[in-house]
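# Observations on the three-dimensional arrangement
Chain by chain, the residues:
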Amino acid sequence: LHASKLLPNAAVICGYARSKKTDESFRKGIRGYLKGNAAEVDRFLARCYYRVGQYHVAEHLGNALRSLRDIPGIPQRERENRMFYMAIPPSRFHAVGKIVKEAGMSATGWNRIVVEKPFGKDTESCRELSEGLKQLFREDQLYRIDHYLGKPGVKAIANLVQNNPLISGILSGDRVESVLINWEEDIGTEGRGGYFDQFGIIRDIAQNHLMQILTLFAMETPDVKEGGEAWRNAKVEVLKKISPIRTRDTVVGQYQGYLEDKGVPPDSKTPTFALMKLRIDTPRWRSTPFFLRCGKALKDRLCDVVIKLRPSPSSRPIASNLIRIRVQPNPALAIRLIADDGKERWVETPVSRGATIGGAYATLLWEVIRGERGSFVRYDELQLAWGIFTPLLHALEKCPDVVQYRRGSSGPDTALQVLRSCLGIERLNAGVPRSKL
């Protein structure tokens, strides 16, 4: 945002935490992560300050904010807008929110509170967290950030399915046999196992990232005249039509070697892979099953949506056409066609939204500054999403065992069988040139 000249000249960035640091040590710690020429980096770092304070002491935060007004060279502002980014554990949301409410709010401008996932671990914990924040802030002041909603590939999904008749015209149950929303990573937890084990792959990826993609893909066309709120309303309508996922429609697994990662209990049953089936009870999608697939230590690193079309009634028994929307890397649309010789042909084109400000987080922070809330998760959306997964999560916690799968594979054999039967392919990237991944 700074390099793109989007930050006001008087904008100040202040880190606030309990660790004892100075302005200089704070700047030194972040310098290595900044890209650009040295002069531009120095100009950005001149905006950055650090203040020490306790999370539960309002006086500390108040003193920190007052001290920023006296910085030499910073113009005095009649209107002071404040963004508070809570990059803290959810258990600290209420305590920090309380001191922000007591001593941090601007009386002359807007106040916006950005909170990072995880937003709880199930329906009840999400409700408790949300109720705590609702006691302190209005819903229009809260920005629950999911960085996937800032990715060009995710933003392109809505454009592809809403604004392109070639695609939108065939996206319904009478034309689409099944839809797979897929996320896979070719590395394991790599030293973060202790943290990951508290949540597992369903909470970490499926409940948020994949459901965001699903709702953008399956929603009805919103009225653009109503702005971002219309998009959020349309997503909520999709979630209302999804019943809780059943254990019999789920395959979970854990990659071999996960238990050896630092901090993972030796008897952990936490899944690192999940494949789940669900249905959307709307006239357009009632006859089409949707599959969510996510896993660590798999063969590839990608996120995409794979759409299997129903065969033509008059066609001979050959492989079905597939449409593949790749979210990352290199957002693209690919179509698998069947030639007259019966062989498969993939046709692919990029679907980039053009230059981004500087990544998903920068895009979303710019939207916070502008007060655009369409790319952030609303409370009712969050509750509905947790309602779809909570019964499954509680049931899996009681399972006596978890299937192991080999690192670098496609996951458990049972899940691969589902992939074959529902999509008719051995691997999601079969036939797609490696250079395209």
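Just above, that's the structure.
Rules used throughout
- Residues numbered from 1 in each chain as written.
- Predicted model: local features only at pLDDT ≥ 70, side-chain atom pairs only at ≥ 80, totals over all residues.
- Heavy atoms only, no water.
- Pairing = 2+ DSSP bridges.
- Helix = DSSP H or I, 4+ residues; strand = E, 2+ residues; numbered from the N terminus.
- Axes fitted to C-alpha atoms, helices over the stretch in contact; angles between N-to-C directions.
- Contact = heavy atoms within 4.5 Å.
- Parallel < 35°, antiparallel > 145°, perpendicular 65-115°, else oblique.
- Nonpolar A, V, L, I, M, F, W, Y, C, P; charged D, E, K, R; others polar.
- Phe/Tyr/Trp six-rings, centres within 6.5 Å; stacked < 30°, edge-to-face > 60°.
- Buried < 20%, exposed > 50% of the residue type's maximum accessible area, 1.4 Å probe, protein only.
- Lys NZ or Arg CZ within 6 Å of the ring centre and 35° of its normal.
- Expected span 1.5 Å × (residues − 1).
- Arc of directions from axis to C-beta.

Here the focus is the sheet that holds strand 7 (residues 250-255). Spatial ordering of the open sheet is given by 13-12-11-10-6-9-8-7-14, a layout of nine strands whose pairing is mixed. The two strands at the open ends of the sheet, each matched to only one other strand, are strand 13 (344-350) and strand 14 (403-405). Pairwise comparison of adjacent strand axes, ignoring direction, gives a mean angle of 20 degrees for this sheet. The sheet strands contacting helix 6 (residues 152-163) are strand 10 (302-309), strand 11 (322-328) and strand 12 (332-338), and the helix crosses strand 11 at an angle near 145 degrees.

As a further point, take the packing of helix 9 (residues 200-218) against helix 10 (residues 228-240). Packing of helix 9 against helix 10 brings their axes to within 9 Å, and their N-to-C directions diverge by 100 degrees. Relative to helix 10, the element helix 9 is oriented roughly perpendicular. Contacts between helix 9 and helix 10 involve Met211, Gln212, Leu214, Thr215, Leu216 and Ala218 from the former and Trp231, Lys235, Val238 and Leu239 from the latter. Here the contact of helix 9 with helix 10 is built from residues that sort into seven nonpolar, two polar and one charged.

With that settled, consider the sheet that holds strand 5 (residues 142-145). On the basis of which strands lie adjacent, the open sheet formed by three strands has the order 3-4-5 and parallel pairing. If you trace the sheet from one side to the other, it starts and ends with strand 3 (82-86) and strand 5, each paired once. If you compare each strand with its neighbour and ignore which way they point, the axes differ by 20 degrees on average. As paired elements, strand 3 and strand 4 (residues 111-116) share five bridges and run parallel to each other. Bridge pairing in strand 4 places Met86 opposite Val115.

So, about the packing of aromatic side chains. As enumerated under the stated definition, the model contains 10 aromatic pairs in all. Taken together, a centroid distance of 6.4 Å and an interplanar angle of 65 degrees make the contact between Tyr255 and Tyr405 edge-to-face. Here Tyr255, found in strand 7, pairs with Tyr405, found in strand 14; they are 150 residues apart in sequence, far enough to count as distant. For the pair shown, Tyr255 and Tyr405 are each scored as buried. An aromatic cluster of at least three residues, connected via ring pairs, comprises Phe196, Tyr255, Tyr258, Phe273 and Tyr405. For Arg27, the ring lying beneath its charged end belongs to Tyr49, and the centroid distance is 4.9 Å. Its end group placed over the ring of Phe199, Lys121 keeps NZ or CZ at 5.5 Å from the ring centre.

It helps to recall that an α-helix has 3.6 residues per turn; residues three or four apart then point in one direction. For helix 4 (residues 93-104), which comprises 12 residues, the first-to-last C-alpha distance of 14 Å sits more than 12% below the rise-based estimate of 16 Å (1.5 Å per residue). What helix 4 keeps buried is the set Phe93, Val96, Gly97, Ile99, Val100 and Gly104. Angularly, the buried residues of helix 4 cover 165 degrees about the axis, an arc narrow enough to put them on a single face. Where helix 4 is buried, its residues contact strand 1 (13-17), helix 3 (58-68), strand 3, strand 4 and helix 5 (123-134).

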